[in-house]
Amino acid sequence: MSEKPKLHFQALQIANEQRNAYGLRYSDYERYRKHCYNRTHRLRSSLKMTYGRGREFKKLPPINLDTVKDGHLQLLLFEAERAWAHSQEMHQESLKLASTAKTLKGAAREDAERKSSSSRKHATRRMRRSIHWATQLLSHCQALYAQGRLSAEDLAQVTAYTLILNGRFLRQRYDFEDALIQLCVAHNLLDALAAAAATSRAQALAVAFADEIGPEIRHCAHEIRREKAYDVDAVVAEVAPQHRNALVQECDALLSQLGKESGGAAEERGKLKELLWEGEPVPIRNPELVDVLLKVQEAEEKLAQARKAEEKSATASAAEGEKKRGAHGAKSKRGGVASYDAILLALSEAEDVSRKLVEAQKMSGATAAAGTRDVHFVHAYIVYQLLARRVQRDLLLMATLLHQLQAAQRSHSGHSKARKVQVDSRLYPAIVKLLDSVLQSLEQMRTLTIVDESPDLASAVEARLAYTKARRCYYLAWCYAPLKKYAEALTLTQHASIYLRECRSTLAGTIETDPINDGEPAFYPLSLADVDKLEEELTLDSTSFKTDWFAYNGGALDPESSKTHKKPLFFDIALNYISLDMDRLQERAGKAPKEAEVPKAAPASHPAVEKKTTTSRAKVEEIERAATPEPSAQARGGLSSLLGGWWGRR
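What you see is a predicted model, and the numbers here were worked out from it, not measured in a lab. (Residues numbered from 1 in each chain as written. Predicted model: local features only at pLDDT ≥ 70, side-chain atom pairs only at ≥ 80, totals over all residues. Heavy atoms only, no water.)

### Quick look at the pattern of salt bridges
Right, so step 1: Per the counting criterion, the structure on display carries 33 salt bridges.
Right, so step 2: Between Arg114 and Asp111 there is a salt bridge; the shortest N-O distance is 2.3 Å. Placement of the pair is Arg114 and Asp111 together in helix 4 (residues 107–146), with a separation of three residues, close to one helical turn.
Right, so step 3: Among the residues examined, Asp111 registers a relative accessible area of 28% and is labelled partly exposed.
Right, so step 4: Of the charged contacts in the structure, one is a salt bridge between Arg373 and Glu280, with a shortest N-O distance of 3.4 Å. Note that Arg373 is positioned in the loop between helix 12 (340–364) and helix 13 (375–411) and Glu280 in strand 2 (residues 280–281), a separation of 93 residues in sequence.
Right, so step 5: On the basis of relative accessible area, Glu280 is assigned to the partly exposed category, the value being 45%. (Salt bridge = Lys/Arg side-chain N within 4 Å of Asp/Glu carboxyl O. Helix = DSSP H or I, 4+ residues; strand = E, 2+ residues; numbered from the N terminus. Buried < 20%, exposed > 50% of the residue type's maximum accessible area, 1.4 Å probe, protein only.)

What follows is the structure, encoded as structure tokens:
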């Protein structure tokens, strides 16, 4: 006789995946109930377990354990889930009708109360039906476990699932003492599953179900007036050992077998490394988060391997020539930039999952206990890691671009104008764009709650914000310098000096305990030496911009440039629009001006002629005063004609 095949049935994993995928993330019980109905219909059709066609009802034979399959167990599970979802839907409807009845009067109020009572009874009937299907599933699993066809972990999951349904039903019937016993034993089994989990995902799955029933345990303990009802772990540790063997068949043997089964598997499979923030662990209590964080962990390992390979290649190329080392350095940096794509993709996926969990928690109205690190904290931690890696990638990209400039400056190191080498005109705008991205990431990082709650980290981020702004102004000034816009370039260097002073004052107090320099990853290392170096470069470049601006406006840089005649500024304006008093000038020079000849006076008997003579004399003086040479029509072009309109000359 051939050996019967073993079955692998993870009840909690299937229930968790289906609930999150089909509506229960946002408490949409109607959608989940319809999904369970469709799923059971497909399972019955595939297993040929339908109740007949049309009006003809065909009673199904009991399930034979010798021919049982995984689909038979899934069918029972989805029947229980369907009835439970329907019960929760009716319970919500009854609460809604009860609240509506309080606002009504007369017959309308009585009708609403009657409908609310009917919905509550319907919910109770569906909950009983759910327990019936779950108990039937548990009996089949116990039989399969006795035959050795089902593992202890699978049986423990089905047992915990059934105990949770029983406890919730008893709590709805206000039987708080029995409900507390059922829920505490279920919590104890889930703790054992989490402790013996072979993978981080299985551990997070058990922890998620334990957290889900934690508030219900607290409520039952409060209703029966237990001391320290708020401490769920203490209540479970006190109640569960007294009743678990009575509720679960051979519970101690099951737990010991569970530890034996998971012992070897835990060594073979990798687990998620412990995440720390300020020396304390970050709780990951959701299976979906575990999956995406495992991808992040794998990407970080690949990045670390790429860095080690880069360091080895850099050490090997150090013995070669300077020229070869520079070319290989640029190539290795480009490879390092490409290695960040995987980790940024994994962190973006983790941020998306954590954000959905935060939204679901807000919609459900659940709140975590004060001082605990809930899903909001986990989301902020993941966003911080994402922004840190993004800043690290952008800085590496900028270093790759600056390698071109550094290589050009090294090649002109013997010349006096080594700082004015010709580079690609797109270099400095590309650097400014990368610094804009770094600024955006740092500003978003500064608004995170985990950064705001840490004074040292907030100061470190603010110092890097000021330093990045200074670098941005510095490279933006170099974008204006080739365009001969020296005023804008000098203004930007002055702004950069102000930002550097701000960075120095912020960094001076926390340089010894800087959490970014000492953290993992150290995505933006910064020291006072870096600030001094940038300040020195700013001083040199500011002087260079002033010198170039002076040369551009007609000044002289060296004695050779004075040999060439340069027309003074506003020369045409002085010639055309300033009247020169020659008499006064000669008088100051010590030369007496020549006396003008006085015409003979006309006879007094002719007044008309005298008047005419006076008029003509005035005309002669006017003609003599206007002896300044007028420019020709061709000379009016250029600057003189342009400025002539400003002074009102036509």
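From this point, the discussion proceeds with the structure in view.
### Some remarks on unusual backbone geometry
As a rule of thumb, non-glycine residues mostly have phi less than zero, and peptide bonds are mostly trans rather than cis.
Right, so step 1: One non-glycine residue, Lys48, lies in the positive phi region at around 60 degrees.
Right, so step 2: Looking at the secondary structure, you find Lys48 in the loop between helix 2 (29–47) and helix 3 (70–101).

### Some remarks on the packing of aromatic side chains
Right, so step 1: Applying the stated criterion across every chain yields a total of nine aromatic pairs.
Right, so step 2: Residues Trp277 and Tyr381 carry aromatic rings whose centres are separated by 6.0 Å and whose planes lie at 85 degrees to one another, so their mutual orientation is edge-to-face. With a gap of 104 residues between them, Trp277 in strand 1 (residues 276–277) and Tyr381 in helix 13 connect regions that are remote in the sequence.
Right, so step 3: Residue class for Trp277 comes out buried when judged on its relative accessible area of 9%.
Right, so step 4: Exposure remark for Tyr381: the relative accessible area of 9% places this residue in the buried category. (Phe/Tyr/Trp six-rings, centres within 6.5 Å; stacked < 30°, edge-to-face > 60°.)

### Side note on the confidence of the model for the chain
Right, so step 1: Across the chain, pLDDT averages 82, with 78% of residues at or above 70.
Right, so step 2: Per-element confidence in the chain ranges from a low mean pLDDT of 47 for helix 22 (residues 607–625) to a high of 95 for helix 5 (residues 152–172).
Right, so step 3: The model gives residues 322–328 a pLDDT under 50, and that stretch makes six contacts with residues more than four places away or in other chains.
Right, so step 4: Below pLDDT 50 for its whole length, residues 604–616 participates in zero contacts with residues either more than four positions away or in separate chains. (pLDDT = per-residue confidence, 0-100. Contact = heavy atoms within 4.5 Å.)

### Thoughts on helix 7 (residues 200–223)
Right, so step 1: In this model helix 7 runs 35 Å from its N-terminal to its C-terminal C-alpha over 24 residues, within 8% of the 34 Å that 1.5 Å per residue would give.
Right, so step 2: The sharpest bend along helix 7 measures roughly 30 degrees and falls at Ile213, with the proline Pro215 sitting one to four residues further on.
Right, so step 3: Of the residues one or two after helix 7, Arg225 is the one with positive phi, at around 60 degrees. (Expected span 1.5 Å × (residues − 1). Bend = angle between axes of the 7 residues up to and from the residue.)

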